[in-house]
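# Per-entry structural report
These are the residues of each chain, in order.
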Amino acid sequence: MKINNYGTNGINPYKRNAEQIMKQDAVQQKQDKIEISNAAKQLQSTNKIAEARQEKIDQLKAQIENGTYEVNPSEIARKFADFYKQ
């Protein structure tokens, strides 16, 4: 006797269920997200003090390269003394 499976040939109910689960997982995948607070944004931005400092450094570099930078030994000694007196 020969039994024919009408309409169920090649169907695997477990495979179909697995495909549905995979589709749901693909839709529900979590994505990484970064949020930066306003305070952090302000810290990251360059401020006026940093710009002024960089300007002064550039001027000193230019003076050293040109040979026009002069050291004042009495001023240095006075600052050392002031530092250690405090």
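Residues numbered from 1 in each chain as written. Predicted model: local features only at pLDDT ≥ 70, side-chain atom pairs only at ≥ 80, totals over all residues. Heavy atoms only, no water.

## Quick word on the overall build of the protein
As a reminder of what qualifies: Numbering goes from the N terminus for both helices and strands, where a helix is a DSSP run of H or I of at least four residues and a strand is a run of E of at least two. All accessible areas in this document rest on Shrake-Rupley with a 1.4 Å probe, and a residue is counted as covered only by the protein chains that are shown.
When its secondary structure is counted, the protein shows four helices and zero strands. Reading the secondary structure of the protein in the N-to-C direction produces α-α-α-α. Counting only carbon and sulfur atoms, one obtains 52% of the accessible surface of the protein, whose full area is about 9,400 Å².

## Brief notes about a nonpolar patch on the surface
This is how it is decided: Patches here are clusters of residues that have more than 30% relative accessible area and form no salt bridge, with a 9 Å joining cutoff for like charges and a 5 Å cutoff for nonpolar side chains (Val, Leu, Ile, Met, Phe, Trp, Tyr). Within this document, salt bridges are pairs made up of a side-chain nitrogen of Lys or Arg and a carboxyl oxygen of Asp or Glu, the two lying within 4 Å of each other.
Nonpolar side chains collect at one region of the surface, where L60, I64, Y69, V71, I76, F80, F83 and Y84 lie side by side and expose about 870 Å² of accessible area between them. Counting residues per element, the ones that place at least two in the nonpolar patch are helix 3 (48–66) and helix 4 (73–85). Here the element with the most residues in the nonpolar patch is helix 4; it accounts for four residues. Mapped onto the elements, Y69 comes out in the loop between helix 3 and helix 4.

## Here we look at the packing of aromatic side chains
As a reminder of what qualifies: Classification of ring pairs uses Phe, Tyr and Trp, with its six-membered ring standing for Trp, and accepts pairs whose centres are within 6.5 Å; under 30 degrees between planes counts as stacked, over 60 as edge-to-face, and the remaining range as tilted. Each residue gets one of three labels from its accessible area relative to the maximum for its type: buried under 20%, exposed over 50%, partly exposed in between, using a 1.4 Å probe on protein chains only.
Enumeration over the complete set of coordinates arrives at one aromatic pair. Centroid distance F83 to Y84: 5.1 Å. Interplanar angle 80°. Geometry classified as edge-to-face. Neither residue differs from the other here; F83 and Y84 are each classed as exposed.

## Digging into helix 3
Threshold: The span you would expect from a helix comes to 1.5 Å times its residue count less one.
For helix 3, built from 19 residues, the straight-helix expectation of 27 Å at 1.5 Å per residue is met to within 8% by its first-to-last C-alpha distance of 27 Å. At the exit of helix 3 stands G67, carrying a positive phi of roughly 85°.

## Some remarks on helix 4
Spanning 13 residues, helix 4 covers 18 Å between terminal C-alpha atoms, matching the ideal 18 Å at 1.5 Å per step. Little of helix 4 sits inside the fold, with zero of its 13 residues counted as buried.

## A few points about the pattern of salt bridges
A full pass over the atoms with the stated rule returns two salt bridges. Between R78 and E75 there is a salt bridge, with the nearest N and O atoms lying 2.4 Å from each other. Of this pair, R78 and E75 both sit in helix 4, separated by three residues, roughly a single helical turn. With a relative accessible area of 43%, R78 lands in the partly exposed category. Take E75: its relative accessible area is 30%, and that puts it in the partly exposed class.

## Section: the environment of S74
For clarity, the cut-off: Polar contact is the term for a pair of N or O atoms within 3.5 Å; when the atoms are in protein, one must be able to donate a hydrogen and the other to accept it, and sequence-neighboring residues count only if both atoms are side-chain atoms.
Among the structural elements, S74 can be located in helix 4. Polar side-chain contacts of S74 include one of 2.9 Å to the side chain of N72.

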